[in-house]
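# Observations on the three-dimensional arrangement
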Amino acid sequence: MFSLCIYQSENNCEELFTPVITDTGLCYSFNILGREDISYDHVYNYAQYYRVPHKIAKHFNWRSGYEEKIGVDAYPRRAIMAGYDHGLLVYLKFNEQIKNPTCTDFLRGFQVLIHSPWEAPLLQKHSIVLTTNKTAVVGVEAELVQTSVDLIKYKPNKRKCYLYYEGSLKHFKIYTQSNCVLECRTDHVLKQCGCVEYFMPKFLTTGNNTTAICGNSLLECALNAENDFIEVQKESKIKGYDYCDCKPACSSLKFSAEISQANYDEEKLLRRQGLTDMEAKGTAWTLLHIYFKEEYVTALDRNELHGISDLISNFGGVLGLFT
C-alpha cells in the first residue's frame, strides 16, 4: 500500500506506520501510542497490531505533554515546525485489479482519520475520503480544551465533562469520549449476542482464552445489535440522558482539517518510482501530504459563566439602584 513515506529525517514506512485493527478493517496509523499505553494488560491484541517500534511513549505524558528541552527525541513524534515543508508525505498505492464487493460503500481510494495518539481509531463515523490519481494536501490545526480549577468542585453532570480520574474505563487506560462509546458499544453487542466484533476490545482470560468473536453464524446478530445500539442512543438523547454516560473529557485535544486535492503529473510520478507504463498498469496512486498550519496549539478554557462572586456583585449592584 505504501510506495514512499517521508517525515523529517525518517523514510522507513514500516517504522513510521503501525498496523491497527479498526471498524473498517486493517489500517495503518502514524504516531499512535502502543498497546502498553492505550489498553490494560487483559485486553487481547493480535500479534503484530498496535505494536509500535518505540514500545512506549518516550518523554511524553498525555496530560502534561512533552518534557521540557527534549528536542526531537520523543515519541509520539513531534512536529517541530509548521508548514508544508515540515509535514508527512506518503505515496499510497491502490491495486485496481483487487476488487472486493464487501468493501465499505464501494470506496475506490483511501480513508484517513486524524485523531489523538491515545484514542482507538474508528473510521466509519469520522474520516476523510481520498480518491485515487490525485494529490491531497491536508492542513491540520490543533485545539486544546482545558477546564478551569474552579469547575472541579462541581459534579460531572453539572460540569458536563469528566476529569481524567473520573472517567474510568474497563479496557482503555486513557478516558476519551470515543473510547468510552466504543466500550459501551462492545458491551451492548456482547450482551445481545454473547460475542463481540473483530475490532472491539476483548478480554484475554486465564489459559489464553478470549472473548468470543462473532463468526459468520452470528454476524446478523451483531449487525442487529449495532443498529439497536444506535436506536437506544437516539432514544436516550431524546429523553434527556445518555445511554452510555460518555461525557466529553474535561481536557481534550481536537483536530480540524482543511483539505485540497489536485491532479498530479503521472509521467513524473512513474519516473520517480522507477516504473514503466506497463509495470504501473492496474495501479493507481494517491499522494498525501499532511502538515500543521500553525506552530502553536489553540487553547480554550472551559469555565463557569457566573461564579458566586459574580452573583454577589450583581446582587449588590441591583440593590444599589434602589438606595
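Given the structure is predicted, the values throughout are model-derived calculations rather than measurements.

Conventions and cut-offs
- Residues numbered from 1 in each chain as written.
- Predicted model: local features only at pLDDT ≥ 70, side-chain atom pairs only at ≥ 80, totals over all residues.
- Heavy atoms only, no water.
- Buried < 20%, exposed > 50% of the residue type's maximum accessible area, 1.4 Å probe, protein only.
- Helix = DSSP H or I, 4+ residues; strand = E, 2+ residues; numbered from the N terminus.
- Pairing = 2+ DSSP bridges.
- Disulfide = S-S within 2.5 Å.
- Core = buried A, V, L, I, M, F, W, Y, C linked by side-chain atoms within 4.5 Å.
- Contact = heavy atoms within 4.5 Å.
- Salt bridge = Lys/Arg side-chain N within 4 Å of Asp/Glu carboxyl O.
- Axes fitted to C-alpha atoms, helices over the stretch in contact; angles between N-to-C directions.
- Parallel < 35°, antiparallel > 145°, perpendicular 65-115°, else oblique.
- Left-handed = near helix turned anticlockwise from the far one by under 90°.
- Nonpolar A, V, L, I, M, F, W, Y, C, P; charged D, E, K, R; others polar.
- Phe/Tyr/Trp six-rings, centres within 6.5 Å; stacked < 30°, edge-to-face > 60°.
- Lys NZ or Arg CZ within 6 Å of the ring centre and 35° of its normal.

### Structural notes on the pairing of strand β8 (residues 128–131)
The alternating pattern of β8 places Ile128 and Leu130 on a buried face, while none of Val129 and Thr131, on the opposite face, is buried. Pairing geometry for strand β7 (residues 109–112) and β8, over 4 bridges, is antiparallel. When the sheet's bridge partners are listed, Gly109 is paired in β8 with Thr131.

### Quick notes on the state of the cysteines
What the rule picks out here adds up to 6 disulfides. One disulfide bridge connects Cys161 with Cys250, the sulfur atoms lying 2.0 Å from each other. Taking the sign of the S-S torsion, 90° for the link of Cys161 and Cys250, the bridge is right-handed. Of this pair, Cys161 sits in the loop between α3 (156–159) and α4 (177–193) while Cys250 sits in the loop between α5 (219–238) and β10 (252–262), and the two are 89 residues apart along the sequence. This pair shows no difference in class: Cys161 is buried, exactly as Cys250 is. Sequence-ordered numbering of the disulfide-bonded cysteines in the chain gives the connectivity 1-2, 3-12, 4-11, 5-10, 6-9, 7-8.

### Focus: the nonpolar core
One finds Tyr50 and Tyr175 to be the most contacted residues of the largest nonpolar core, which totals 36 residues. Residue assignment for this core shows that the elements contributing at least two residues are β2 (17–22), α4 and α5. Ranked by the residues each element gives to this core, the list is headed by α4, at 5 residues. Beyond its immediate chain neighbours, meaning those up to four positions away, Tyr175 contacts Tyr162, Gly167, Leu169, Cys180, Asp245, Cys246, Lys247, Pro248 and Ala249. Residues Cys5, Ile128, Ala284 and Ile290 belong to the second largest nonpolar core, which totals 19 residues.

### Notes on the pattern of salt bridges
Opposite charge on two side chains makes pairing possible when the charged atoms of those side chains draw close. In the structure shown here, the tally under the stated rule is 8 salt bridges. With a closest N to O distance of 2.8 Å, Glu226 and Arg185 form a salt bridge. You can see Glu226 sitting in helix α5 and its partner Arg185 sitting in helix α4, a full 41 residues away along the chain. Lys234 is paired through a salt bridge with Glu231; the nearest N and O atoms lie 3.9 Å apart. One end of the pair is Lys234 and the other is Glu231, both in helix α5 and 3 residues apart, which spans about a single turn. Since its relative accessible area comes to 48%, Lys234 is described here as partly exposed. Classification of Glu231 as partly exposed rests on a relative accessible area of 45%.

### Focus: the packing of α4 against α5
Packing of α4 against α5 leaves a shortest axis separation of 9 Å and a crossing angle of 125°. As the angle between them shows, α4 and α5 are arranged oblique. Here α4 runs over α5; the crossing is right-handed. On the side of α4, the interface is formed by Val181, Cys184, Arg185, His188, Val189, Gln192 and Cys193, while α5 contributes Cys221, Ala222, Ala225, Glu226, Asp228, Phe229, Val232 and Gln233. Classifying every residue of the contact of α4 with α5 gives 9 nonpolar, 3 polar and 3 charged.

### A few points about the packing of aromatic side chains
Using the criterion set out here, one finds 10 aromatic pairs in the structure. Note on Tyr7 and Phe30: the rings are 5.2 Å apart at their centroids and 70° apart in plane angle, and the pair reads as edge-to-face. Remark: Phe30 occurs in strand β3 (residues 25–30) and Tyr7 occurs in strand β1 (residues 2–7); sequence separation between them is 23 residues. The exposure class assigned to Phe30 is partly exposed, which follows from its relative accessible area of 24%. Seen in terms of ring centroids, Phe229 and Tyr243 are 6.2 Å apart; in terms of plane orientation they differ by 65°. Their pairing is edge-to-face. Within this pair, whereas Phe229 is found in helix α5, its partner Tyr243 is found in the loop between α5 and β10, the two being separated by 14 residues in sequence. The ring of Tyr66 is capped by Arg78, whose NZ or CZ atom sits 4.9 Å from the centre of that ring.

Shape is all these values report; function is a separate question.
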